[in-house]
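A look at the structure
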Amino acid sequence: MNHFCRWIEPLHQRDVKLLPAGQSIEYEDFPCSIDVTGPLLHTLFQEHWREVEIGHVVEGSVLELEFKQPPKIFVVYDGYLTVVTEGWHLHLCVEEHQGGPLCKTPSALRRQRLIQRAALYRQRNERGQPCSWGIQFWNGAGEKMMTLFLPNPFLGEGDDFLPQGRPRQDKLKLYDELRSIYVLGERPIPFESNPLKRPYISVCRSSRCFPSRNWKPVYDALQQAVDEAGLDITVMTAGCLEVCKLGPVVFYSGDRSWYTRVSPDVAREIVRSHCVNGEKLQAHLYPSGSSSSDSPSAGKSEPELNRGHDSAKAQ
Ligand code: FES
């Protein structure tokens, strides 16, 4: 059983990188396990989505995306956090991507894809004055992953520069809070458990899910059974859950289990036997014979849904 700790152990790792045009960027590292990045990303994308922007910054290219509305989907499936908005979506590897029910991802690739370094940053201009604030992630190959842009006191509505000498210093509140919790360990993580590990159960709604594409009765049966059992489990739909041709397919994130050929009756039994009593339905489990004790994620619970690319798409 994974124990969630509300206090981070400070890394005391500060790094100043000089930039070609005379600016500099100061990185302060913080731990990057999912029990740290989960609460952090939940805070940013679920509570502060109006104030943060997502991007990617390398020499010669900058991408910046803003939220117009709260994310429609915010869930982890097989190690990837998926965040879906009206106009764009992102996938970020926050835990080892095992490669679906058959765990097909080689171990070296799992390490390469995962966040291996995380830092709060503060960029200074050529006069040494702070001018932008954010969070940077790197993968296992040392490559820059996503950049999160935090509120900037020099920018007003529409990212217009404010008149000189009149920065809105109150906009640094979020940076200061995050630094206090995640870099300095002065304050506890503001969650009792990892919000990315809240369990969910999903049914594939892809039209490719042969032989039955009729996912709706299965979804309704899951929802009804969860409600009747009074479980704190979210029921949702998913894109491809990497089984296909054995549909309808259901995934339970609590201990990373896949079920195939799920009828409404089987769906109700999954909830009653597995989610309530911890007993898997061997006849519908995929791969057959798998159990929580031989799963690489045995005992873990993780909320979910979908990366794109080589597998599931959130819907
Ligand atoms: S299309 Fe449903 S699991 Fe792949």
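Notes on the structure follow. (Residues numbered from 1 in each chain as written. Predicted model: local features only at pLDDT ≥ 70, side-chain atom pairs only at ≥ 80, totals over all residues.)

1. Let's talk about the overall build of the protein chain
- Broken down by element type, the protein chain carries five helices and 15 strands.
- Within the protein chain, the proportion of its 315 residues that are buried is 36%.
- For the protein chain, long-range pairs separated by at least 24 residues make up 58% of all intrachain contacts whose partners lie at least 6 apart in sequence. (Helix = DSSP H or I, 4+ residues; strand = E, 2+ residues; numbered from the N terminus. Buried ≥ 20, exposed ≤ 12 C-beta atoms within 10 Å, placed from the backbone. Contact = placed C-beta atoms within 7 Å.)

2. Considerations on helix 5 (residues 264-276)
- Counted at 1.5 Å a residue, the expected span for helix 5 with its 13 residues is 18 Å, and the 17 Å between its end C-alpha atoms agrees.
- Taken as a whole, helix 5 has its buried residues at A267, I270, V271, H274 and C275.
- G278, located one to two residues past helix 5, shows a positive phi value of around 75°. (Expected span 1.5 Å × (residues − 1).)

3. Here we look at helix 3 (residues 173-183)
- When helix 3 is considered as a whole, its buried residues turn out to be Y175, L178, I181, Y182 and V183. The buried residues of helix 3 occupy one face: seen down the axis, they fall within an arc of 155°. Exposed residues on helix 3 whose side chains face more than 90 degrees from its buried face are D176 and S180.
- Remark: G185 follows helix 3 within two positions and exhibits a positive phi of approximately 65°. (Arc of directions from axis to C-beta.)

4. Some thoughts on the nonpolar core
- Ranked by size, the top nonpolar core spans 69 residues in total, and within it V218, L222, V249, V250 and A267 carry the most contacts.
- It is helix 4 (residues 216-229) that provides the largest number of residues to this core, a total of six residues.
- Among the domains, domain 1 (14-183) and domain 2 (198-286) are the pair contributing at least three residues each to this core.
- Contacts of V250, omitting those with residues within four sequence positions, involve I201, V203, V218, Y259, V262, A267 and I270. (Core = buried A, V, L, I, M, F, W, Y, C linked by C-beta atoms within 7 Å. Domains from an automatic or database assignment.)

5. Topic: the sheet that holds strand 11 (residues 200-204)
- The strand order across the open sheet formed by five strands is 12-11-13-14-15, and the pairing between neighbours is mixed. Lying at the two open borders of the sheet, with one neighbouring strand each, are strand 12 (234-238) and strand 15 (285-286).
- Taken together, the three bridges between strand 13 (residues 250-252) and strand 14 (residues 257-259) define a ladder with antiparallel strand orientation. Across the sheet, the residue bridging to F251 is W258, located in strand 14.
- Here helix 4 sits on the sheet in contact with strand 11, strand 12 and strand 13, set at roughly 165° to strand 12.
- Relative to the sheet, helix 5 contacts strand 11, strand 13 and strand 14, its axis offset from that of strand 13 by approximately 15°. (Pairing = 2+ DSSP bridges. Axes fitted to C-alpha atoms, helices over the stretch in contact; angles between N-to-C directions.)

6. With respect to the sheet that holds strand 8 (residues 115-124)
- Reading across the sheet, the seven strands line up as 1-2-8-9-10-3-4 and stay open at both edges, with antiparallel pairing between neighbours. Across the chains shown, the open sheet's two edge strands, defined by having one partner strand only, are strand 1 (14-18) and strand 4 (61-66). Adjacent strand axes in the sheet meet at a mean angle of 25°, parallel and antiparallel pairs treated alike.
- With three bridges joining them, strand 3 (residues 53-58) and strand 10 (residues 144-149) adopt antiparallel strand pairing.

7. Side note on the pairing of strand 10
- When strand 9 (residues 130-139) meets strand 10, the two strands line up antiparallel, connected through four bridges. When the bridges of strand 10 are listed, Q136 appears paired with T147.

8. Some thoughts on the environment of N194
- Looking at the secondary structure, you find N194 in the loop between helix 3 and strand 11.
- A sequence separation of 155 residues divides N194 from P39, and the C-alpha atoms of the two residues are 5.9 Å apart.
- Ignoring sequence-local partners within four residues, the contact set of N194 consists of F4, I34, D35, G38 and P39.

9. Here's the deal with unusual backbone geometry
- In the segment running from G247 into P248, the intervening peptide bond is cis, with an omega of -10°.
- Checked against the element boundaries, P248 lands in the loop between strand 12 and strand 13.
- Geometrically, the link from Y286 to P287 is a cis peptide bond, its omega value of -5° lying close to zero.
- Unusually for a residue other than glycine, H12 sits at a positive phi of about 50°.
- Topologically, H12 is positioned in the segment before strand 1.
- Owing to 10 C-beta atoms within 10 Å, H12 belongs among the exposed residues under this scheme.
- Although it is not a glycine, C244 adopts a positive phi angle of roughly 60°.
- Relative to the assigned elements, C244 resides in the loop between strand 12 and strand 13.

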